[in-house]
Amino acid sequence: MNAVRKAVGIEKKQTVTDQILDESCPKLSYNQRLTGYVLCMSVGFLLTIGSLVRIKQLLHGDPAPFVIYFTFGNLCAIASCFFLSGPKSHCKKMVDPTRRIATAFYLITIFFTFFVVFYDKIPDDGRVGIIILCVFVQWIAMLWYTISF
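Cut-offs and rules
- Residues numbered from 1 in each chain as written.
- Predicted model: local features only at pLDDT ≥ 70, side-chain atom pairs only at ≥ 80, totals over all residues.
- Heavy atoms only, no water.
- Helix = DSSP H or I, 4+ residues; strand = E, 2+ residues; numbered from the N terminus.
- Expected span 1.5 Å × (residues − 1).
- Contact = heavy atoms within 4.5 Å.
- Salt bridge = Lys/Arg side-chain N within 4 Å of Asp/Glu carboxyl O.
- Buried < 20%, exposed > 50% of the residue type's maximum accessible area, 1.4 Å probe, protein only.
- Patch = residues over 30% accessible without salt bridge, like charges linked within 9 Å, V, L, I, M, F, W, Y side chains within 5 Å.
- Areas by Shrake-Rupley, 256 points an atom, 1.4 Å probe, with all protein chains shown as cover.
- Core = buried A, V, L, I, M, F, W, Y, C linked by side-chain atoms within 4.5 Å.
- Axes fitted to C-alpha atoms, helices over the stretch in contact; angles between N-to-C directions.
- Parallel < 35°, antiparallel > 145°, perpendicular 65-115°, else oblique.
- Nonpolar A, V, L, I, M, F, W, Y, C, P; charged D, E, K, R; others polar.

Under the 1.5 Å per step criterion, the end-to-end length of helix α7 (residues 100-118) is 27 Å for 19 residues, consistent within 8% with the ideal 27 Å. Where α7 is buried, its residues touch α5 (64-85), α6 (87-94) and α8 (124-147).

What follows is the structure in structure tokens.
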């Protein structure tokens, strides 16, 4: 079909982002995509489970390990979708008008969770409660983001 479009002169010009994604992301076979998805999702699952082991540290005033494991576990799980649909397609879906708000909300909750953990001017006695709230909101945002697909 692309050859026909090119011959007729109606071929769409690629944006710079499309060209970069096409050049940097190799074509994968079905088995490679499935293997990448399962591995990335498994790493995400293990990191998230690993965060639960660190709840005690969170409650004793050291929230960084819990938040780092939890957030990177979620990001690995979301990144596993890159293998199924391809990074270019998935990135386009993320900024689609129907998903733009869910994507932005999810990314903002990730940023805010890290901000609360590493910002020194928040009193330690209130930090744990705020972090637990942030993690809960982050989980809701991830759920909304996932359902939007």
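Applying the stated criterion across every chain, the model contains 1 salt bridge. Measuring nitrogen to oxygen at the nearest pair gives 3.8 Å for the salt bridge that ties D96 to R99. Accessibility expressed as a relative area gives 14% for R99, which makes it buried.

With that out of the way, let us pick up a nonpolar patch on the surface. A surface patch of nonpolar side chains, about 670 Å² in accessible area, is lined by F45, L46, I49, L52, I55, L59 and I132. Among the elements of the structure, α3 (30-53) and α4 (55-59) are those that each provide at least two residues to the nonpolar patch. In terms of residue count, α3 provides more of the nonpolar patch than any other element does, 4 residues in total. Residue position: I49 is located in helix α3.

Time to look at α8. Helix length check: α8 (24 residues) gives 35 Å between terminal C-alpha atoms against 34 Å at 1.5 Å per residue, within 8%. Buried within α8 we find R127, V128, I131, C134, V135, Q138, A141, M142 and Y145. If you follow the buried residues of α8, they end up packed against α4, α5, α6 and α7.

One broad rule of soluble globular proteins: the nonpolar side chains tend to lie buried together. In terms of nonpolar packing, the biggest core is built from 20 residues, with V67, Y106, I131 and V135 touching the most fellow members. Mapped by element, the contributors of at least two residues to this core are α5, α7 and α8. Beyond its immediate chain neighbours, meaning those up to four positions away, V67 contacts T113, F114, V117, I131 and V135.

This paragraph deals with the packing of α5 against α8. For the pair α5 and α8, the least separation of the axes is 12 Å and the interaxial angle reads 5°. By the criterion of interaxial angle, the relationship of α5 to α8 is roughly parallel. The residues of α8 that touch α5, namely those facing F66, V67, F70, T71, N74 and I78, are I131, V135, Q138, W139, M142, Y145 and T146. When grouped by side-chain class, the residues that make up the contact of α5 with α8 number 9 nonpolar, 4 polar and no charged.

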